[in-house]
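Below, each chain spelled out in residue letters.
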Amino acid sequence: MTDASAFLELLHAQRVWDVELPSFDPSAAPPAPLPLFHAWFAEAVAAGQAEPHTMTLATVDAEGRPDVRTLMLHDADARGWHFASHAGSAKGRQLAGRPYAALGFYWPAQGRQVRVRGPVTACSPAESRADLHARSTGALASALVGRQSEVLGSTGELDRASDAAWQRAREEPDAEVASWTRYVVEPREVEFFQGDARRRHVRLRYRREAGAPNGGGSPAGVWERELLWP
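First things first, this report covers the structure right here in the doc.

Definitions and limits used
- Residues numbered from 1 in each chain as written.
- Predicted model: local features only at pLDDT ≥ 70, side-chain atom pairs only at ≥ 80, totals over all residues.
- Heavy atoms only, no water.
- Salt bridge = Lys/Arg side-chain N within 4 Å of Asp/Glu carboxyl O.
- Helix = DSSP H or I, 4+ residues; strand = E, 2+ residues; numbered from the N terminus.
- Buried < 20%, exposed > 50% of the residue type's maximum accessible area, 1.4 Å probe, protein only.
- Contact = heavy atoms within 4.5 Å.
- 1 Å grid on protein atoms, 1.4 Å probe; cavity = no way out; pocket = protein on both sides within 12 Å on 5 of 7 lines; lining within 4 Å.
- Points joined across faces, edges and corners; volume = space filled by probe spheres on them.
- Nonpolar A, V, L, I, M, F, W, Y, C, P; charged D, E, K, R; others polar.
- Phe/Tyr/Trp six-rings, centres within 6.5 Å; stacked < 30°, edge-to-face > 60°.
- Lys NZ or Arg CZ within 6 Å of the ring centre and 35° of its normal.

Across all of its chains, the model carries 19 salt bridges by this definition. With a closest N to O distance of 2.9 Å, Arg147 and Glu150 form a salt bridge. Residue Arg188 pairs with Glu186 through a salt bridge whose shortest N-O separation is 3.1 Å. Each of Arg205, Arg207, Glu224 and Glu226 takes part in a single network of salt bridges with overlapping partners.

Another point: the environment of Thr121. Along the chain, Thr121 falls in strand E6 (residues 112–122). Overall, the relative accessible area of 45% leaves Thr121 in the partly exposed class. On a C-alpha basis, the gap between Thr121 and Glu226 in space is 27 Å, while along the polypeptide they are 105 residues apart. The contact partners of Thr121, leaving out residues within four places of it in the chain, are Arg182, Tyr183 and Val184.

Attention shifts here to the environment of Arg135. As for its placement among the helices and strands, Arg135 is situated in the loop between helix H4 (125–133) and helix H5 (137–145). Residue Arg135 is classed as partly exposed on the basis of its relative accessible area of 29%. Spatially, the C-alpha atoms of Arg135 and Arg69 are 20 Å apart, while their sequence positions differ by 66 residues. With residues near it in sequence (within four places) discarded, Arg135 still touches Met72, His74 and Trp180.

In this structure, the largest pocket occupies an estimated 500 Å³ of space. His86, Ser142, Gly146, Arg147 and Gln148 are, among the 23 residues lining the largest pocket, the residues nearest its centre. Counting residues per element, the ones that place at least two in the lining of the largest pocket are strand E2 (66–72), strand E4 (80–86), H5 and helix H6 (155–171). Looking at the lining of the largest pocket, the element that brings in the most residues is H5, giving four residues. A breakdown of the residues in the lining of the largest pocket according to their chemical character gives eleven nonpolar, seven polar and five charged.

What follows covers the side chain of Ser89. Among the structural elements, Ser89 can be located in the loop between E4 and helix H3 (90–97). Its relative accessible area of 1% is what places Ser89 among the buried residues. Residues contacting Ser89, with those up to four places away along its chain left out, are Gln148 and Ser149.

Under the definition given, this model contains twelve aromatic pairs. Geometrically, the ring pair formed by Phe105 and Trp107 is tilted, given 5.8 Å between the ring centres and 45° between the ring planes. Looking at Trp107, the relative accessible area reads 1%, which means it is buried. In this structure an aromatic cluster arises from ring pairing among Phe24, Trp40, Phe192, Tyr206 and Trp223. Geometry around Trp40 places Arg112 over its ring, the cationic atom sitting 4.1 Å from the centre.

Everything listed is a geometric property; what it means functionally is a separate question.
Below is the structure:
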């Protein structure tokens, strides 16, 4: 058996949703997406979903080519969905040039996905500093290393920079990292996908126009809700 055929056999042997999946009645969904996201997140945690706070972030570069990576959610509130990074990283530069992004959450323990799309705003320096210092010593050390997405000459170079950053993070827990930036995705579309073993997946999309109030405190009627074919 060739490597290619062995891989294909292994791939086709994988199964999806070999667990009992929850039901989802879209007619009972709230008028705005944020309360539903909070509820689904809590249910993912209760179901034992590993790292439910991780998400994919999609951006585009100056040539319009898509880019994607996995990172952590820092908050989801009336302003939108929050994450953070260095302003000089690849994602930071892409967001500076084209401040629009898409997020994706996948919680296979319950066969659920959530997709968010909208413009991205950089938070104030004060909020970005507070974001960094609310995290662990390791997170601060990683931020102090900096140079995210730059070409690395050797793993030894990383070891030396990391050791120095860890020492500084322990000695200076309030150390500043000027490039650290908190971002907010202001939702224009939020889709909730509930998988079904018979492939009768439920997809509920919330949409609103630019200039409408944000998702958390929106009065009823601001968001348009629609079902999508799976």
